[in-house]
Amino acid sequence: MNENIIKSTSKFLSLVLRHAPEKIALTLDENGWANVEELIIQCNKFHKKLDHALLDYVVENNDKKRFAFNEDKTKIRASQGHSISVELELKEIEPIHFLYHGTVDKFLPAIRKEGLLKMSRQHVHLSQDRETAIKVGSRRGKPVILSINAPKMHADGYSFYVSENGVWLTDQVPAEYIEF
Ligand code: HQG
């Protein structure tokens, strides 16, 4: 499989399964699932070549396991990262260690003031390890890693979830729980 095709297919799937299904006149159900046949048909109709073999390969080999099939592989969805409103039925989980968030300098004044907000997504994204946070921050420039006192937040009543692909999610992180 050609690396460029795999990457561009993954990016395209992120676009239509997380943010803008209407770009290819695709409908997602309330849990974010698209019908696999319909996805393939709509992609091709809108000049994005896709077949079962390519889709299977991208889902299976995606570096962050961004997409998941349902049990009988008739449906597919993004496991996290949505900006459109979908109910992912996430498992609530108790954090027992600090969690990390990668960002960049220019956002720090606002984050110090109002904490971490979900911005255009459905959740604030956190990770269990610093390495992942460094990668996330690096998308925007020189990464700055914030440490989140998640156990204290949880004790104070905040909920945490883990997506199917292991991303920690929460609704907001007030500044008092962040070590800068
Ligand atoms: C920042 C990728 C100002 C926040 C990654 C971040 C991740 C604030 C940006 C996933 C703020 C939002 C998500 C505040 C937060 N004021 N800026 N109060 N609160 N920010 O992309 O966490 O590869 O929505 O620090 O790997 O960067 O697409 O979130 O810089 O897992 O699968 O506002 O996206 O995954 O940016 O990334 P994003 P993120 P994929």
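Reference entry: report on the structure contained in this document. (Residues numbered from 1 in each chain as written. Predicted model: local features only at pLDDT ≥ 70, side-chain atom pairs only at ≥ 80, totals over all residues. Heavy atoms only, no water.)

### Let's talk about the nonpolar core
To keep it simple, the criterion reads: Residues belong to a common nonpolar core when they are buried Ala, Val, Leu, Ile, Met, Phe, Trp, Tyr or Cys residues joined through side-chain atoms within 4.5 Å. Buried residues are those whose accessible area, probed at 1.4 Å on protein chains only, stays under 20% of the maximum for their type, while exposed residues exceed 50% and partly exposed ones sit between those limits. Helix and strand definitions here come from DSSP, where helices need a minimum of 4 consecutive H or I residues and strands a minimum of 2 consecutive E residues; each element is numbered from the N-terminal end. Here, residues are in contact when the closest pair of their heavy atoms is within 4.5 Å.
Membership of the largest hydrophobic core comes to 22 residues, with the highest contact counts inside it found for L17, L39, L55, F67 and I76. Among the elements of the structure, α1 (3–19), α2 (36–45), α3 (52–61), β2 (67–69) and β3 (75–78) are those that each provide at least two residues to this core. Sorting elements by how many residues they give to this core places α1 first, with 5 residues. Not counting the four nearest positions on each side in its chain, L17 is found in contact with L26, L28, A34, F67, I76, R77, A78 and H82.

### Observations regarding a positive patch on the surface
Convention followed: Patch criteria: residues need more than 30% relative accessible area and no salt bridge. Like-charged residues are merged within 9 Å; nonpolar side chains of Val, Leu, Ile, Met, Phe, Trp and Tyr are merged within 5 Å. Computed with a 1.4 Å probe, the accessible areas rest on the Shrake-Rupley method; for each residue, only the protein chains presented here act as cover. Any Lys or Arg side-chain nitrogen located within 4 Å of an Asp or Glu carboxyl oxygen qualifies as a salt bridge. For the charge count, each Lys or Arg is scored as positive and each Asp or Glu as negative, with His and the chain ends excluded. Lysine's charge is taken at NZ, arginine's at CZ, aspartate's at CG and glutamate's at CD.
There is a patch of like positive charges on the surface, built from K64, K106, K135, R139 and R140. A residue is classified by how much of its surface remains accessible, and K64, at 40% relative accessible area, is partly exposed.

### Concerning the site of the ligand
Using the following cut-off: The nearness test applies per residue and asks whether one of its heavy atoms lies within 4 Å of the molecule or strand. Any pair of N or O atoms that falls within 3.5 Å is considered a polar contact. Within protein, one atom must be able to donate a hydrogen and the other to accept it, and sequence-neighbouring residues count only if both atoms are side-chain atoms. Amino acids outside the nonpolar list (Ala, Val, Leu, Ile, Met, Phe, Trp, Tyr, Cys, Pro) and the charged list (Asp, Glu, Lys, Arg) are all regarded as polar, and Gly is one of them.
Taken together, 18 residues form the shell around the ligand, and within it R18, K64, H101, T103 and R121 come nearest. The contact in question runs from an oxygen atom of the ligand to an N or O atom on the side chain of K64, over 2.3 Å. A distance of 2.9 Å is found between an oxygen atom of the ligand and a side-chain nitrogen or oxygen belonging to R139. Alone, the ligand offers 780 Å² of accessible surface; in the complex the protein occludes 90% of this. Of all the secondary structure elements, the ones that give two or more residues to the shell around the ligand are β5 (99–104) and α4 (108–114). When residues of the shell around the ligand are assigned to their parent elements, the largest contribution, 3 residues, is made by α4. Split by residue class, the shell around the ligand holds 7 nonpolar, 4 polar and 7 charged.

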